[in-house]
Amino acid sequence: MRSTMTLPVTMAAMVSMLALGSFQEGETVVTYEAIPRPTGTLSGAPALMTPGTDFRIEASDVEDMDTKHTVSSSCSPSTTLVSDGSAGSYWTVFDPGAEDSVEIKKLKATYTTQSWNAESEGEGDYGSYAFTTATFHFDDGREDSDPRHDSAGLGGVTTMKIVPEKVTTALGSGPRCHGGMHVGHCFRHTVLNVDFPTFRFEGLKIREKVLGTICEQWDKESEDAIIASAHGEWTITGDNSFDLDDCHTTGEDLAPLLAKNPGGVALFQVYCLESWGWPAKNPDHYIGKGGSFLSGIHLVMFRDESNTFCRVTKDGVTCACTESTCPGMS
Amino acid sequence: MSTPNVICAILALSSFGYMVLPSCAETPATIETLSALRAQELTAAEGWVLGLDQEGNPYAAEMKDTDAVHATVALRRAYDVPYCAEYGPSNPEYRFPFAIEPNQRLVDALDVLKKNSGGYAQWRLLHGRVILTYGERTGANEIFIMDRPLKVDFQARTWREAIVQIESAYNSQYYDVPLVLDVVRPDSNDEVTILREDKSESLHMKSDVSLREVVLSILDEVGDPRVVYGLATTTDVLKRCYHVLRIRYPDVPAEFESADAALRCKDRIRAQTERLERYLDDAQRRRDEAAKAAADAQE
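Residues numbered from 1 in each chain as written. Chains lettered and ligands numbered in written order. Predicted model: local features only at pLDDT ≥ 70, side-chain atom pairs only at ≥ 80, totals over all residues. Heavy atoms only, no water.

**Here's the deal with the interface of chain A and chain B**
- The interface is formed by 44 residues belonging to chain A together with 51 residues belonging to chain B.
- Counting the surface lost from both chain A and chain B, the interface buries some 3900 Å², and carbon and sulfur atoms represent 57% of this.
- Of all residues in chain A, K220, E221 and E252 of chain A give up the largest surface area on contact with chain B, accounting jointly for 20% of the area buried on that side.
- Remark: the boundary between chain A and chain B carries eleven salt bridges.
- Those elements that place two or more of their residues in the side of chain A that touches chain B are β11 (176-178), β13 (205-214), α2 (220-228), α3 (255-259) and β17 (298-306) of chain A.
- Class assignment of the residues belonging to the side of chain A that touches chain B gives a composition of 18 nonpolar, twelve polar and 14 charged. (Contact = heavy atoms within 4.5 Å. Buried area = accessible area lost by both parts, 1.4 Å probe. Salt bridge = Lys/Arg side-chain N within 4 Å of Asp/Glu carboxyl O. Helix = DSSP H or I, 4+ residues; strand = E, 2+ residues; numbered from the N terminus. Nonpolar A, V, L, I, M, F, W, Y, C, P; charged D, E, K, R; others polar.)

Pasting the structure below:
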């Protein structure tokens, strides 16, 4: 829509043109000013990223009006607003994890967010969230020397990428039996982002890593074997729990340590993000790392309480049993 | 005593073209493998200090530098070849910087390990396996246990028979720190034949080479390059020091697969503990006798 208006400053400019003699009879002089400022509405979705989706950004109702001044030989100046284009407009996306900011020369675009290094790029105590921001720069595509040239930042939109920052532990299925021997127990785990407790991490893949063991009589060869044999992988289900319990039992690697450590053997375990939309940028990072010395570390204690009963306690959770309840020897 | 000639340190290797060798642990490691295998990604060896405080609460602190176990773990993760790790004692734990760079050749990573550890870590390629030796030499006359010459002359049908005879041979020749052996198999059974059925029933071993060479020669007879050994120095409940050498078969599950396996493992460890008791007592007696003889000689 065009409108006509009178602008005193503009009038002064035309008067000066007349005075300089540049205006000849029969001619119409047209001048422009790059006002008013361009406008538009920005939107970005989703506000919280989920796997398999892209960050959708759109600048809508983008409008750039320029002021056109016309002075004809009849000396009847007029001022109108004329619509201009937006051919040079672009989005700049700043995404933690991406090597550089990305420029997208469209009003409407999709952007695939990247994984981020929780320790250097993540925010919060655990690096468990990061913000991807897209800012919209209006540009009509004209040369700088063109008085109609308009260029302005119209603002930005943001989406949040999150990963879990906590793994909770509860008693799971068990006991694990071999013959009449209680050789361990299983534990149920759930992932959680404390700030978004209802957010579903369904499909997230995680893997375990054993950092090491401690006990009074310790040997490096056993430790090496225990670390090397930790290969557990899980997928998070719709209720944010592991698809399977994590079972801790005695085996060939642990048995020699248990046999000579009546006080028990403590195993330090963590859970790493394997992939979930954003595959792990830093594979050594684990869920909950960074809060404190023990943040994100799960402690699994094994203790042979009798020849047929190995108690397993994880994060302070253990079964109520005090002896083997396993059915008789096979 | 000198290090046996059979140990061939790979000091200089020519360049080989880049190639990816999947699952090389199923085949013997060769000089070509060392040069051809390249790391897919950056693998930083981790370094953790773990412990329990006075109240029994655990603590964990991540260190910039790594230790012998985590350096081995990093190598295993990056290059799929058979490794035998020999962990000598280190108190306090020796730490050093170590990371495997993307596209780095195995041979270069091993050299970096040696260099960064200031020689605390050594490596060599023997019998199709990468042998990693960690430890500080405390004296000029000290010979690392795996380098010690060992006279053996025995026939063994089962692993149990073989390891008992190696232990006996070693512990009769050396009495400073006793040695026990263990064989870790998927079925937890060390009373099975060592050799495959298509070979003669018993293993005959007669040699006067290093303990390392004795063990590797037996592994050669087994015929599976994935079978490796590991050595550590540890203590029993009475804080008495001993060496444990474990021969490990591949595919041993982290959890016992049957009650029989669990029971066999318990029995095996019980038998090993009984043997160790004898070796420890005998070693102490002989040390006492040697000390007494030395004292008598001085008088």
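**Focus: the pairing of strand β12 (residues 241-248) of chain B**
All names here are of chain B.
- Across the eight residues of β12, seven count as buried, placing the element largely inside the fold.
- In this sheet, β12 lies alongside strand β9 (residues 179-184) in parallel orientation, the contact comprising six bridges. Residue pairing in the sheet places V184 in a bridge with R248 of β12.
- Across eight bridges, strand β11 (residues 228-235) lies against β12 in antiparallel orientation. For L231, the partnering residue across the bridge sits in β12 and is L245.
- The hairpin formed by β11 and β12 contains five residues between the paired strands, and K239 there has a positive phi angle of roughly 65 degrees. (Buried < 20%, exposed > 50% of the residue type's maximum accessible area, 1.4 Å probe, protein only. Pairing = 2+ DSSP bridges.)

**As for the packing of α2 of chain A against helix α2 (residues 68-78) of chain B**
- Contact geometry of α2 of chain A with α2 of chain B gives a least axis separation of 10 Å together with a crossing angle of 35 degrees. Crossing of α2 of chain A against α2 of chain B: the hand is right-handed. Counted together, K220, E223, D224, I227 and A228 of chain A of α2 of chain A and V69, H70, T72, V73 and R76 of chain B of α2 of chain B form the full contact between these two elements.
- For the contact of α2 of chain A with α2 of chain B, the class distribution of residues is four nonpolar, two polar and four charged. (Axes fitted to C-alpha atoms, helices over the stretch in contact; angles between N-to-C directions. Left-handed = near helix turned anticlockwise from the far one by under 90°.)

**A closer look at the nonpolar core**
Residue and element names in this part refer to chain B.
- L75, Y79 and Y134 are the most contacted members of the largest nonpolar core, which totals 47 residues.
- With seven residues, α2 is the largest single contributor of residues to this core.
- Once residues lying within four places of it in the same chain are set aside, the contact partners of L75 are Y83, F98, I100, L106, A109, L110, L113 and L132. (Core = buried A, V, L, I, M, F, W, Y, C linked by side-chain atoms within 4.5 Å.)

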